[in-house]
Amino acid sequence: MQAKKRQDNIARVATEFVSARRSASALVDYPGTMPAALAEAYAMQDAAIALADRVIAGWKVGRINPPLEEADRLAGPIFADQTFDAGETPRAMTVYAGGFAAAEAEFLLRIGTAPDPAKIDYTLAEATALIDRVCVGIEIASSPFGGINDHGPGVTISDFGNNNGLVIGPDIANWRDLDLNQWPVELTIDGASTGVATAAAMLDGPFGAARFLFELMAQRGIALSAGQWISSGAVSGVHQVHIGAQISAIFDNRLTVACSIAAQ
């Protein structure tokens, strides 16, 4: 009986989140019983991915602080129809009115060689070797549920990890020869700085996010593909944004990527 109730709740949460995203409807309350463990949260995410039936262009990685269930990061899908190369004119990226909306400056890693789906343990060097391109970018975090980040990582995981899009900015040339952890990274909203930070404070940096993702997906039985992106985590923080906002992320005082914010 308990197992059936759990499965019914997983299906309900997944169905209601997918429905709310499709209709761009805000959710005042969490649509079911909140997940009690990360495994249950990922089961909700898996069910929602199946229901959404959309092409996955990559995966976002975020930090769990403090760590929970021996995990210090979380992951969620980034869909192809919400993944864009930055153009000369900032693209309008959509968020859920009445829900949660934020922008994050992140290093974006492209998978060059698909990881072995049976390999569940990587060194940092092994994970880095599978990456063939690194860009600067902006992750758009948004959910119909305004409290998505207020109830622990399980709730965040259950709604696609709170992802709602990715802007791919300029390539970082010769990235293998650089220490990206030392680059100053800044996000501005309507021209106002939200502060400057470096990836040195991000656990083991952006390539550690790749290592985490490769291990997690092997455990979840999800195959990753060459060409998929990894949004490796907010360098300067998760910054809530309003509809109409103009966003710019500046990396190493020279590489810039921008977007605007519109209603879903």
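Structure's up top.
All values derive from a computational prediction rather than experimental measurement.

Conventions adopted
Residues numbered from 1 in each chain as written. Predicted model: local features only at pLDDT ≥ 70, side-chain atom pairs only at ≥ 80, totals over all residues. Heavy atoms only, no water. Helix = DSSP H or I, 4+ residues; strand = E, 2+ residues; numbered from the N terminus. Contact = heavy atoms within 4.5 Å. Areas by Shrake-Rupley, 256 points an atom, 1.4 Å probe, with all protein chains shown as cover. Lys, Arg positive; Asp, Glu negative; His and termini not counted. Charge placed at Lys NZ, Arg CZ, Asp CG, Glu CD. Core = buried A, V, L, I, M, F, W, Y, C linked by side-chain atoms within 4.5 Å. Buried < 20%, exposed > 50% of the residue type's maximum accessible area, 1.4 Å probe, protein only. Salt bridge = Lys/Arg side-chain N within 4 Å of Asp/Glu carboxyl O. Polar contact = N/O pair within 3.5 Å; in protein donor to acceptor, adjacent residues only side chain to side chain. Phe/Tyr/Trp six-rings, centres within 6.5 Å; stacked < 30°, edge-to-face > 60°. Axes fitted to C-alpha atoms, helices over the stretch in contact; angles between N-to-C directions. Parallel < 35°, antiparallel > 145°, perpendicular 65-115°, else oblique. Nonpolar A, V, L, I, M, F, W, Y, C, P; charged D, E, K, R; others polar.

Q: Any details on the overall build of the protein? Residues and values, ideally.
A: A tally of regular secondary structure across the protein gives 5 helices and 13 strands. Its C-alpha atoms put the protein at 55 × 45 × 30 Å along the principal axes. Of the contacts formed within the protein by residues at least 6 apart in sequence, a portion of 75% connects residues at least 24 apart. For the protein, the accessible surface area stands at approximately 11,100 Å², while carbon and sulfur atoms represent 51% of it. The centroid of the 18 positive side-chain charges in the protein is displaced by 5 Å from the centroid of its 29 negative side-chain charges.

Q: Tell me about the nonpolar core, and please be specific about residues and values.
A: In this structure, Phe214, Ile247 and Phe251 are the most contacted members of the largest nonpolar core, which totals 64 residues. Among the elements that line this core, the one with the most residues is helix α5 (residues 205-220), at 8 residues. Those residues in contact with isoleucine 247, other than ones at most four positions away along the chain, are Ala103, Ile138, Leu187, Thr188, Ile189, Val241, Val257, Ala258, Cys259 and Ile261. Residues Leu27, Met44, Phe100 and Ile148 belong to the second largest nonpolar core, which totals 13 residues.

Q: Tell me about the pattern of salt bridges, residues and numbers included.
A: Any two side chains of opposite charge can pair if their charged atoms end up close together. Throughout the structure, instances matching the rule amount to 12 salt bridges. Among the ionic pairs, aspartate 8 bridges to lysine 4, the shortest N-O distance being 2.9 Å. Note that aspartate 8 and lysine 4 are positioned in helix α1 (residues 2-23) at a spacing of 4 residues, about one turn of the helix. Aspartate 8 gets classed as partly exposed once you look at its relative accessible area, which sits at 42%. Among the residues examined, lysine 4 registers a relative accessible area of 52% and is labelled exposed. Its salt-bridge partner being arginine 254, residue aspartate 252 comes within 2.8 Å of it at the nearest N-O pair. Here the salt bridges share partners, and the residues they tie into one network are Arg73, Asp204 and Arg211.

Q: Let's hear about the side chain of glutamate 215: which residues, and what values?
A: Assignment of secondary structure puts glutamate 215 in helix α5. Here the side chain of glutamate 215 touches tyrosine 122 through a polar contact of 2.8 Å, landing on its backbone nitrogen. Ignoring any residue separated from it by four or fewer positions in sequence, one finds glutamate 215 in contact with Ile120, Asp121 and Tyr122.

Q: Got a sec to walk through the packing of aromatic side chains? Specific residues and values, please.
A: All chains considered together, the criterion is met by 7 aromatic pairs. On the numbers, 5.7 Å between centres and 70° between planes, the contact of phenylalanine 17 with tyrosine 30 is edge-to-face. Of this pair, phenylalanine 17 sits in helix α1 while tyrosine 30 is found in the loop between α1 and α2 (38-52), placing the two residues 13 residues apart along the sequence. For phenylalanine 17, a relative accessible area of 1% corresponds to the buried category.

Q: Any chance you could break down unusual backbone geometry for me, citing the residues and the numbers?
A: The amide bond that connects asparagine 65 to the next residue, proline 66, takes the cis arrangement and shows omega of 5°. Locating proline 66 in the fold gives a position in strand β1 (residues 56-68). In this model, aspartate 190 sits at a positive phi of 55°, which is unusual for a non-glycine residue. With respect to the helices and strands, aspartate 190 occurs in the loop between β8 (185-189) and β9 (192-197). If you check the backbone angles, leucine 203 has positive phi at about 55° while not being a glycine. The partly exposed category is assigned to leucine 203, whose relative accessible area is 35%.

Q: Which residues make up the packing of α2 against α5, and what values go with them?
A: For any two helices packed against each other, one specifies the crossing angle of their axes together with the interaxial distance. The geometry of α2 relative to α5 is characterised by a closest axis approach of 12 Å and an angle of 80° between their N-to-C directions. Overall, the two elements α2 and α5 adopt an arrangement that is roughly perpendicular. When α2 is examined against α5, the residues Tyr42, Gln45 and Asp46 are found in contact with a partner set consisting of Phe212, Leu216 and Arg220. Classifying every residue of the contact of α2 with α5 by side-chain character gives 3 nonpolar, 1 polar and 2 charged.

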